Amino acid sequence: MTTSADEASIRELIEQWCAAVRRKDYDSVLKRHSANMLMFDVPGPFQSEGLDAYRKTWDLFFGCNAKEPITFHFTDIRTTAGSDVAFVSAHGHCYTPNDKGVSEPLDF
């Protein structure tokens, strides 16, 4: 695969993951993560080591009583893909509609 094809595949994985979050589909959210993963993310605790700890962050996220539909996507996606490893950085967006239907940042 070429670098641009690798990057396109990575972007597709990110979009599938975002769609799973919007559906609150735990299995699909966790499906492509390694059992011994290390993640730095919000909401706190900011470090999750292992898949079970990472799943608990989604319990917090999905339990925040946000109104539907939740907006969850990434912009400024930057990928670096090699033959056996890839890195991604991005700006994440999590919003929920307020009482007037206007999107506001999700409050954890």
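Keep in mind that this is a model prediction, so the values were computed, not measured. (Residues numbered from 1 in each chain as written. Predicted model: local features only at pLDDT ≥ 70, side-chain atom pairs only at ≥ 80, totals over all residues. Heavy atoms only, no water.)

## Quick look at the nonpolar core
So, point 1. With 19 residues, the main nonpolar core has Trp 17, Val 21, Val 29, Trp 58, Phe 61 and Phe 72 as its most contacted residues.
So, point 2. If you list the elements that add at least two residues to this core, you get α1 (3–23), α2 (26–30), α3 (51–62) and β3 (71–81).
So, point 3. The element best represented in this core is α1, accounting for six residues.
So, point 4. Excluding residues within four positions of it along the chain, Phe 72 makes contact with Trp 17, Cys 18, Val 21, Arg 22, Trp 58, Phe 61, His 93 and Cys 94. (Core = buried A, V, L, I, M, F, W, Y, C linked by side-chain atoms within 4.5 Å. Buried < 20%, exposed > 50% of the residue type's maximum accessible area, 1.4 Å probe, protein only. Helix = DSSP H or I, 4+ residues; strand = E, 2+ residues; numbered from the N terminus. Contact = heavy atoms within 4.5 Å.)

## Observations regarding the pairing of β3
So, point 1. Sheet analysis places β3 next to strand β4 (residues 86–97), joined by nine bridges and oriented antiparallel. Counted as the bridge partner of Thr 71 is Tyr 95 from β4.
So, point 2. A loop of four residues connects β3 with β4, the two strands running antiparallel in sequence. (Pairing = 2+ DSSP bridges.)

## Describing the sheet that holds β3
Hydrogen bonding along the main chain pairs the strands of a sheet, whether they run parallel or antiparallel.
So, point 1. Taken together, three strands build an open sheet; the order of strands is β3-β4-β5 and the sheet is antiparallel. Two strands lie at the open edges of the sheet, namely β3 and β5 (103–105), each paired on one side alone. For this sheet, the mean inter-axis angle between neighbouring strands, taken without regard to orientation, is 35°.
So, point 2. With three bridges connecting them, β4 and β5 associate as antiparallel partners. Note on β5: the bridge partner recorded for Tyr 95 is Pro 105. (Axes fitted to C-alpha atoms, helices over the stretch in contact; angles between N-to-C directions.)

## Let's talk about the environment of Val 88
So, point 1. Relative to the helices and strands, Val 88 resides in strand β4.
So, point 2. Of the residues examined, Val 88 reaches a relative accessible area of 41% and is grouped as partly exposed.
So, point 3. Placed 75 residues apart in sequence, Val 88 and Leu 13 show a C-alpha to C-alpha distance of 11 Å.
So, point 4. Ignoring sequence-local partners within four residues, the contact set of Val 88 consists of Ile 10, Ile 14, Ile 77, Arg 78 and Thr 79.

## Observations regarding the confidence of the model for the protein chain
So, point 1. With 92% of its residues at a pLDDT of at least 70, the protein chain reaches an overall mean of 85.
So, point 2. Within the protein chain, α2 carries the highest mean pLDDT (93), whereas β5 carries the lowest (76). (pLDDT = per-residue confidence, 0-100.)

## Some thoughts on the packing of aromatic side chains
So, point 1. The tally for this structure, following the rule as stated, stands at 11 aromatic pairs.
So, point 2. Ring geometry for Tyr 26 against Phe 62: centres 5.2 Å apart, planes inclined by 85°, an arrangement best described as edge-to-face. Linking Tyr 26 in helix α2 with Phe 62 in helix α3, this pair joins segments that are 36 residues apart in sequence.
So, point 3. With centroids separated by 5.7 Å and ring planes inclined at 85°, the aromatic side chains of Phe 72 and Phe 74 adopt a geometry described as edge-to-face.
So, point 4. The exposure class assigned to Phe 72 is buried, which follows from its relative accessible area of 5%.
So, point 5. Taken together, the ring pairs in this structure connect Trp 17, Tyr 26, Tyr 54, Trp 58, Phe 61, Phe 62, Phe 72 and Phe 74 into an aromatic cluster.
So, point 6. Taking NZ or CZ as reference, Arg 55 lies 3.9 Å from the ring centre of Tyr 26, over its face. (Phe/Tyr/Trp six-rings, centres within 6.5 Å; stacked < 30°, edge-to-face > 60°. Lys NZ or Arg CZ within 6 Å of the ring centre and 35° of its normal.)

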